[in-house]
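Here's the letter readout for the chains.
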Amino acid sequence: MRALSTRELLDVWERGLAYAHERWALLLLAAACPDTTAQELERLSVGQRDERLLRLREWAFGGGFTSLANCPACAEQLELSFEADDVRATPPEESGPFRLNVGVHEVEFRLPDSRDLLAISAHIDVEEARLELFERCLRAARRGVEEVTVAALPPEVVDAVSEEMDRLDPQGNVRLNVSCPRCGHGWQALFDICSYLRGELDTWARRLLWEVHLLATAYGWRESDTLALSPRRRRLYVQMVNG
């Protein structure tokens, strides 16, 4: 995997405008991983995918993060500041299959990947999406020597397998420990690098295009001229134009 240039990031942003998050992430990784096939990228577990997105974000924008969260107890809005290492976990080397015994049940499963996320993305009901995701990742389930369907599995078995998936692939389900300074309530806030990076890239791209427009109006420069400038020099020109 390699870092992307300003031009490449802008191209990915433009091409990805019509895509959902899951497809957008694959588009970004395809640009950064030219030696990896689309099928190989789709088969990465969610954590393996997100570990790569986290590295790309560090290369493009640095390792510091800021985000907002609302306290579920008092609705206070908090600003969170953290580093990449605070949300970094070790992704698995393999995506499965794995086996887990829960009471009299034995379940064989693999970890969720981008194909699964794309398949469930149309669901509005969260529980329906969760069950379909589980069913897609289930390879086999037995009660003793008897094969059983997903529908026949007790809820505690489904929950245990879901927890094991999170344990095996922690980068795919990153949560921040947050405490509200106003009411003292503590909770875990989900951090989704895919959504975070996409929003950040969108803000960056629109600001960059505004700078291109401003400098083209002032100096008659082409887009390629402005993009060839370092960010620092480009900002200095923008400051001079703005007086």
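Use the structure listed above.
Conventions adopted
- Residues numbered from 1 in each chain as written.
- Predicted model: local features only at pLDDT ≥ 70, side-chain atom pairs only at ≥ 80, totals over all residues.
- Heavy atoms only, no water.
- Helix = DSSP H or I, 4+ residues; strand = E, 2+ residues; numbered from the N terminus.
- Expected span 1.5 Å × (residues − 1).
- Buried < 20%, exposed > 50% of the residue type's maximum accessible area, 1.4 Å probe, protein only.
- Arc of directions from axis to C-beta.
- Contact = heavy atoms within 4.5 Å.
- Pairing = 2+ DSSP bridges.
- Axes fitted to C-alpha atoms, helices over the stretch in contact; angles between N-to-C directions.
- Salt bridge = Lys/Arg side-chain N within 4 Å of Asp/Glu carboxyl O.

**What to know about helix α7 (residues 155–168)**
Here is step 1 of the chain: The end-to-end C-alpha distance of α7 is 20 Å, a good match for the 20 Å that 14 residues give at a rise of 1.5 Å each.
Here is step 2 of the chain: Within α7 the residues assigned to the buried category are Val157, Val158, Val161, Ser162, Glu164, Met165 and Leu168. For α7, the buried positions fall inside an angular range of 160 degrees around the axis, keeping them on one side. Among the exposed residues of α7, those oriented more than 90 degrees off its buried face are Pro155, Glu156, Glu163 and Arg167.
Here is step 3 of the chain: Of the surrounding elements, those touching the buried residues of α7 are β3 (98–102), β4 (105–109) and α6 (126–137).

**Considerations on the sheet that holds β3**
Here is step 1 of the chain: Reading across from one edge, β3-β4-β5-β6 is the order of the 4 strands in this open sheet, with antiparallel pairing throughout. At either margin of the open sheet sits one strand with a lone partner, and together these are β3 and β6 (146–147).
Here is step 2 of the chain: Two elements, β3 and β4, share 5 bridges in a ladder whose sense is antiparallel. What sits directly across from Leu100, in β4, is Val107.
Here is step 3 of the chain: Contacting β4 and β5 (138–143), α6 crosses the sheet at an angle of about 85 degrees to β5.

**Comments concerning the pairing of strand β1 (residues 64–70)**
Here is step 1 of the chain: Bridge count between β1 and strand β2 (residues 77–83): 7 bridges; the pairing is antiparallel. By the bridge assignment, Gly64 is partnered in β2 with Glu83.
Here is step 2 of the chain: Hairpin connection between β1 and β2: a loop of 6 residues separates the two successive antiparallel strands, and Ala75 in this loop has a positive phi of roughly 70 degrees.

**Observations regarding the pattern of salt bridges**
Here is step 1 of the chain: Per the stated rule, a full pass over the model turns up 24 salt bridges.
Here is step 2 of the chain: Linking Glu106 and Arg142 is a salt bridge whose minimum nitrogen-to-oxygen distance equals 3.5 Å. In this pair, Glu106 is assigned in strand β4 and Arg142 in strand β5, connecting sequence segments 36 residues apart.
Here is step 3 of the chain: Connected through salt bridges with shared partners, the residues Arg110, Asp113, Arg115, Asp116 and Arg136 form a single ionic network.

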